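As a plain string of letters, each chain reads:
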Amino acid sequence: MFRIGIPITVVLALIYFVSSLIKPSVNRNDIRTAIVQRGSIEGSISASGTIVPIFEQVTSSPVETRLLSVRKRPGETVNKGESILELDPSELRLAMERTEKQLKLEENRKEQLRLDIERSLNNLDGQLHIKELRLKYLKSKTAQGEKMMDIGAISSDQLNQLKLEEEIATIEKSDLENSIRTTKLSLQNQLDGVTAEIRGLLKEKVDIQRQLQLLSCEADREGVVTWIKDEIGTSIHRGEVVLRIADLRSYRVDAALSDIHSSRMRPGMDAIVRINDSLLAGRLETIYPNVENGTVRIGVSLKDASHASLRPNLRVDISLITNRLDSVLTLKKGSYMTGGNHQEVYVVKGSTATRVSVTTGLIGLETVEIIGGLSEGDEVIISDMSSYSGTSKITIH
């Protein structure tokens, strides 16, 4: 009997050992779990963005020119009004001289034209006054002739002659008045033309002065030089960027996301910006109208625009808050989520994890709403368990 007992014990041990190898199991240290809790959750739209300075001065050359000198280097701070580099102003100065010379000629022309107009109108006014006096005189003679004809002192032919002279004088006066009106209009048009020419030259002068100011490349405010063209003597084309200055004390976020979310976005909605382990509150400020390759660009302002974690060109994740639910079951997001509203998860009880079908709802920044399949207090594996697909129970050791 003793000889038979030893093989039976060995067989039972082997059976137990083999069965333990076949049954799926996982080490607790290799998984992450979370507890189903009741609380609030905020729905969101996800986007990726870049930290950029709120203010960035981008200076470009207004004309074809050359780089004469560089006074600052990238990384150096600048004060408001400080000249950073100098571009050759010789062409613009020549243009200014030509404009000022032409402006002076036009101003002289306008003054001469004004004097000519005044002289011409005075002459015409004098002629009109003579016509009016002559007409007045002829009207008086006609009236006198009518009285004399009543007493037979003159003939009807003589009276008709007086009336004809009065009519001719009336026509001459009317023609002169029309001529004066036409002359005034013509001279005024000439004066308006010269005035418009002067106005255009003044505008041109102001524009040249503005371009000369731009050539000095002064800082609009305090900041840091982030980029500068430093090849002294090289040709600079019109519109070519030569300088970038940023205020690195405050930042915003430029982001992009699919245009399918356009209808759900509105300026003023809350936003959360994730920078490593920090969450910064923000607000959607701008939705740019242009859509490129199915992507819409947005601008997000930050409540703490000077947070220590902010750096230029830092990539960040953004969540635009669309709505909020209170007193609902929530579970921390994890690798168990495979898309859609139906998930397969493992609920841990003791040393056993049992697969359960779960229905999810609103997806928040860090948690997901649980609509069905789980209860408050359940411990759920949130790690990736795809390698155990089809397994209903898993032993945890």
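Refer to the preceding data block for the structure.
Just so it is clear, the model here is predicted, and its values are computed rather than measured.

**Structural notes on the layout of surface pockets**
Size it by volume and the largest pocket reaches roughly 220 Å³. Looking at the largest pocket, it is lined by 15 residues, and the ones nearest its centre are Y336, E344, Y346, M385 and S386. By residue number, the principal contributor to the lining of the largest pocket is strand β16 (residues 342–349), which donates 3 residues. Grouping the amino acids of the lining of the largest pocket by side-chain chemistry returns 6 nonpolar, 6 polar and 3 charged. Put simply, the second largest pocket is a space of about 180 Å³.

**Details of unusual backbone geometry**
For C217, which is not glycine, the phi torsion reads 50 degrees and is therefore positive. Counting through the fold element by element, C217 comes out in the loop between α3 (156–215) and β8 (223–228). A relative accessible area of 2% means that C217 is categorised as buried. Of note, N293 is a non-glycine position whose phi angle comes to about 55 degrees, a positive value. Position of N293 among the secondary structure elements: in the loop between β13 (278–292) and β14 (295–302).

**Some details on helix α2 (residues 90–150)**
Between its first and last C-alpha atoms α2 spans 90 Å; for 61 residues at 1.5 Å apiece the expected length is 90 Å, and the two agree. Residue G152 follows α2 closely and has a positive phi angle near 80 degrees.

**Here we look at the sheet that holds strand β4 (residues 56–60)**
Reading across from one edge, β4-β10-β8-β6 is the order of the 4 strands in this open sheet, with antiparallel pairing throughout. Each edge of the open sheet is held by one strand with a lone partner, namely β4 and β6 (77–78). Sheet topology places β4 next to strand β10 (residues 241–246); 5 bridges connect them, and they run antiparallel. Paired with Q57 across the bridge in β10 is I245.

**Points about the pairing of β10**
Two faces belong to every sheet, and in a regular strand the side chains alternate between them. Here β8 pairs with β10 via 4 bridges, running antiparallel. Within β10, the position partnered with V224 by the bridge is A246.

How each quantity is defined
- Within every chain, residues take consecutive numbers counted from 1 along the sequence as written.
- In keeping with the model being predicted, local features are shown solely for residues with a pLDDT of at least 70 and side-chain atom pairs are shown and tallied solely at 80 or more, while totals for entire chains, interfaces and linings include all residues.
- Remark: hydrogens and water are excluded; side-chain values derive from all non-hydrogen atoms of the structure.
- Grid points spaced at 1 Å and placed over the protein atoms alone form the basis of the search, with a cavity being a set where a 1.4 Å probe fits but cannot get out and a pocket an open set showing protein on both sides within 12 Å along at least five of seven lines. Lining residues have an atom within 4 Å of a point.
- Grid points are joined across faces, edges and corners, and a volume is the space filled by probe spheres set on the points.
- The helix count covers DSSP runs of H or I at least four residues long, the strand count covers runs of E at least two residues long, and both are numbered beginning at the N terminus.
- Here the term charged refers only to Asp, Glu, Lys and Arg, the term nonpolar to Ala, Val, Leu, Ile, Met, Phe, Trp, Tyr, Cys and Pro, and the term polar to all other amino acids, Gly among them.
- Burial classification: accessible surface area is computed with a 1.4 Å probe over protein chains only, and a residue below 20% of its type maximum counts as buried, one above 50% as exposed, and the rest as partly exposed.
- By this rule, a helix spans an expected 1.5 Å times one less than how many residues it contains.
- At least two DSSP bridges between two strands are needed for those strands to be called paired.

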